[in-house]
Amino acid sequence: MPHPLGAVASIQEDPVRLLRTYRFASRYGFELDDSIHDAEDANRLFKATPPGRVLFEVKKSLLLHNRPSQFLAHLAGPSEVHRHLFEAAGAATLDPWQACVGKVGRLEALVLDGVGRGILTARSVQWRGRRPDSTQAGLLAPDWRKSGVWEADWVELLLGALLWRCSRDAVQKVGAALQLSHRMVENVLVLQGQARQKQISKQTAPPGVHLLRCAVASGETFDEFWDRWPKENAGHDASARG
């Protein structure tokens, strides 16, 4: 039900509603009313909101089925919410934000294309972090049969793309701000480090590294990328994840 005093009053009452609005607009393709952007003091309101409530909404919004690239793009509206939520990323990511989000968009399209082709499988239901004692992430294992992109796998890939320009220290700070486990942050750093190698092959790098590299550092088409993906292993990941 619409707020009787309008969208701005609703957001001022509870700024998490702005993030929820962005999430629904991204997932369902809604167009945002211009009045949404009148909440110029959104960042001030977020600072007065319990961080746990904000993070809960952000983490849901980053799941694959919510089309997170569009959500991240919305964050850079007139109120520049991205500068509050991802402050730890620094100017290297915040200033060229839309370019960084563009890499996430290509990654998102690549993964969905792989699912559509039956090469990848994916699960996107609810936020699942990664326990410190969890087994190795499937997409970082050398076994190419592990082609399932589950919630934690996707978020690690997404952050690897979004924070591609960041230093190791900045990635760790963003991970801390998002309250990610040490294992998840380390997985992001491993993905980035291996994807930055001059040359990689299926013998020298696991599936997740190839996905990230194609999204952020390669000009090849999706057809070209999937043509070199080991077809005998496509879509056969039934392993459990931690």
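Right above here is the structure, for reference.
Residues numbered from 1 in each chain as written. Predicted model: local features only at pLDDT ≥ 70, side-chain atom pairs only at ≥ 80, totals over all residues. Heavy atoms only, no water.

1. Thoughts on the side chain of glutamate 151
Alright, step 1. By the secondary structure assignment, glutamate 151 is in helix H9 (residues 151–162).
Alright, step 2. Since its relative accessible area comes to 2%, glutamate 151 is described here as buried.
Alright, step 3. Dropping the residues within four chain positions of it, glutamate 151 is found in contact with Leu63, Arg123, Ser124, Val125, Gln126 and Arg128. (Helix = DSSP H or I, 4+ residues; strand = E, 2+ residues; numbered from the N terminus. Buried < 20%, exposed > 50% of the residue type's maximum accessible area, 1.4 Å probe, protein only. Contact = heavy atoms within 4.5 Å.)

2. Focus: the packing of aromatic side chains
Alright, step 1. According to the stated counting rule, one finds 7 aromatic pairs in the structure shown.
Alright, step 2. Measuring from centroid to centroid gives 5.4 Å for phenylalanine 86 and tryptophan 97, while their planes differ by 45°, and the two rings are tilted. Pair noted here: phenylalanine 86 is in the loop between helix H6 (82–85) and helix H7 (91–94) and tryptophan 97 is in helix H8 (residues 97–116), with a separation of 11 residues, a long-range link. Tryptophan 97 shares its class with phenylalanine 86; the two are buried.
Alright, step 3. Geometrically, the ring pair formed by phenylalanine 225 and tryptophan 229 is tilted, given 5.7 Å between the ring centres and 55° between the ring planes.
Alright, step 4. In this structure tryptophan 229 comes out as buried when scored by relative accessible area, which is 3%.
Alright, step 5. Three or more aromatic residues link up through ring pairs in this structure, and these residues are Trp144, Phe225, Trp226 and Trp229. (Phe/Tyr/Trp six-rings, centres within 6.5 Å; stacked < 30°, edge-to-face > 60°.)

3. Focus: helix H2 (residues 16–28)
Alright, step 1. Over its 13 residues, H2 runs 18 Å from end to end, which matches the ideal 18 Å to within 8%, given 1.5 Å per residue.
Alright, step 2. Looking at H2, one finds that the buried residues are Val16, Leu18, Leu19, Tyr22, Arg23, Ala25 and Ser26.
Alright, step 3. One or two residues past the end of H2 sits glycine 29, with phi positive at roughly 75°. (Expected span 1.5 Å × (residues − 1).)

4. Focus: the environment of proline 230
Alright, step 1. You can see proline 230 is positioned in the segment after helix H13 (222–227).
Alright, step 2. Distance in space between the C-alpha atoms of proline 230 and tryptophan 144 is 7.4 Å, their sequence separation being 86 residues.
Alright, step 3. What proline 230 contacts, discounting residues up to four positions off in sequence, is Trp144 and Lys202.

5. Here's the deal with the nonpolar core
Alright, step 1. Grouped together as the largest cluster of nonpolar side chains are 66 residues, with contacts concentrated most on Leu19, Leu72, Leu75, Phe86, Leu162 and Leu211.
Alright, step 2. At 8 residues, H9 tops the list of elements feeding residues into this core.
Alright, step 3. Not counting the four nearest positions on each side in its chain, leucine 211 is found in contact with Leu107, Leu110, Leu120, Leu139, Leu157, Phe225, Trp226 and Trp229. (Core = buried A, V, L, I, M, F, W, Y, C linked by side-chain atoms within 4.5 Å.)

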